[in-house]
Amino acid sequence: MNQLEALAAKPIDTSTFSFGLSHGDENFSITDLSVLIENLIKADRYGEASKIAQGMLEKNMHPLPRIFRFLLNRLANSGDVDTLTAIGNQITPEQKKMASFDNRLCHANIISGRAKEYLRKLQEEIENAKDHELENLTEKFPRGGAIGILTNHPELHEDYEQMALKYASRGITSPINVLWMHLFVQGKEDAAKKLWDEYLVHTPRVMFQYVLQEARNKQDESIPRKLLSFLHGTAVSEGAKGNAYSCLVDILEGHGSLQDNALPEQAHHLSTPGVIAEVVDLIRGNRQITVEELLSSEKYDDALLVVKEALEDVCLENMNRTALTRLQAGLLEQGKTFPFKIPPKDFLLRHYSEDQGEHFHQDIKEMERMYQWRWNEAMMADYCWMLKGDSKDGGSARKSKKRKYEN
């Protein structure tokens, strides 16, 4: 057992620990201390791990990002608002952003039963904010944590809405955006439409990944279809719309299998003219047929129709390549053709400008960070795509819609 393992195996007197320098005769690096923090967390000794992390921060020595996020996540899941707040006072806004700190703090408030108090704090921040502070408030708003508040505390809906309206009055729409997503997936379409028309319809940056995630979880094709009706004619980018179309294709490819709890109205999947024609062909060929064969045939045909519809709105490279590849394979298995050429994996990279390419790589790095911690509602923001409108040279992007990639 080395010195670090020995330290983690027994109580540590953090008051005598020379953070970042030594413990007794042993000198430790940032990596050593970070590993020690990790071992303490795994032993459920969050207090000691937190004190060492705070001591490092006092010495301007930041724990390794992966382990720092691990600590923040455990503190959030245990509802330790006070320790998180103390750590938050020691790190910069940029470090908070990289660690999704405010989402974790919000989640900790939910776990500890302090959601109402946290909403009040958010409202006070926007009411007291100076104009030059608005950009920072926009960045730090806990989009994922806010979903958790609305989901777990319906009694706070009115409080949340009042807070969101305060933000919107200062030009910050992300709280309203979160409320719109919540109402949308709850099926409260009139209320969602009112918010959309008043605050979001002309906004080039819209979050709706939570909506698509719920659609996939529920295997409900009506959700992306309704979403696309919202997005039609807006400033939302082709890439964003492509995500919605791709979600619909994904659902159709996996939709329609008759589960034990299938509803009677789902029987229409068995009785369309296309399916009936295939039944006749199979019977003539003296083949045994299964329900799965019938349904899979129709679902791929429906998915192909969605792709054709999408190409009237976006170009093919803005759709999910995996969804397209899966659709192509399904059609080929049935002896049918996929009439479009799927763009190569590196298509977007090869067609991006140098600046756009840098933004792309930053997005990828952000997604890599997002998947390193355990999923919970507070991490929802880590799955939200911030959707940008057309750039100044967007004319060329619009022209690209004409490319049909016919074989």
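To be clear, the structure that these remarks concern was listed above.
Residues numbered from 1 in each chain as written. Predicted model: local features only at pLDDT ≥ 70, side-chain atom pairs only at ≥ 80, totals over all residues. Heavy atoms only, no water.

Undergrad: I keep staring at the pattern of salt bridges and nothing clicks. Help me out?
TA: If charged atoms from side chains of opposite charge come close, those side chains can pair. Across all of its chains, the model carries 21 salt bridges by this definition. Between Arg 216 and Asp 250 there is a salt bridge whose closest N-O contact spans 2.9 Å. In this pair, Arg 216 is assigned in helix 14 (residues 209–218) and Asp 250 in helix 16 (residues 238–254), connecting sequence segments 34 residues apart. On the basis of relative accessible area, Asp 250 is assigned to the buried category, the value being 17%. What you see here is one network of salt bridges that share partners, running through Arg 216, Asp 250, Glu 253 and Arg 326. (Salt bridge = Lys/Arg side-chain N within 4 Å of Asp/Glu carboxyl O. Helix = DSSP H or I, 4+ residues; strand = E, 2+ residues; numbered from the N terminus. Buried < 20%, exposed > 50% of the residue type's maximum accessible area, 1.4 Å probe, protein only.)

Undergrad: It is not clear to me how unusual backbone geometry should be interpreted in this structure. Could you clarify?
TA: Backbone phi values are negative for most residues with the exception of glycine, while trans is the configuration of most peptide bonds. Of note in the backbone geometry, Asp 44 takes a positive phi value of approximately 60° without being a glycine. Examined against the element boundaries, Asp 44 turns out to sit in the loop between helix 2 (30–42) and helix 3 (46–58). Given the relative accessible area of 53%, Asp 44 is considered exposed. With a phi angle near 50°, Ser 100 is a residue other than glycine that sits in the positive phi range. Relative to the elements of secondary structure, Ser 100 occurs in the loop between helix 6 (93–98) and helix 7 (101–111). Given a relative accessible area of 8%, Ser 100 falls into the buried group.

Undergrad: Would you mind showing me how to read the environment of Phe 340 here?
TA: Relative to the elements of secondary structure, Phe 340 occurs in the loop between helix 19 (321–333) and helix 20 (347–351). A relative accessible area of 5% places Phe 340 in the buried class. As for Phe 340 and Leu 316, which are separated by 24 residues in sequence, their C-alpha atoms are 8.7 Å apart.

Undergrad: What should I look at first to understand the packing of aromatic side chains in this one?
TA: Two aromatic rings are characterised by how far apart their centres lie and by the angle between their planes. Inspection of every chain in the model, using the stated rule, returns seven aromatic pairs. Ring geometry for Trp 180 versus Trp 196: centroids 5.0 Å apart, planes at 40°, classification tilted. With Trp 180 in helix 12 (residues 174–185) and Trp 196 in helix 13 (residues 189–200), the pair connects residues that are 16 residues apart, well separated along the chain. Judged by relative accessible area, which is 2%, Trp 196 ranks as buried. Ring geometry for Trp 180 and Phe 230: centres 5.8 Å apart, planes at 65°, overall edge-to-face. Highlighted residues: Trp 180 in helix 12 and Phe 230 in helix 15 (residues 222–231), separated in sequence by 50 residues. Accessibility classification places Trp 180 together with Phe 230 in one group, the buried group. (Phe/Tyr/Trp six-rings, centres within 6.5 Å; stacked < 30°, edge-to-face > 60°.)

Don't take any of this as a statement about function, it's just geometry.
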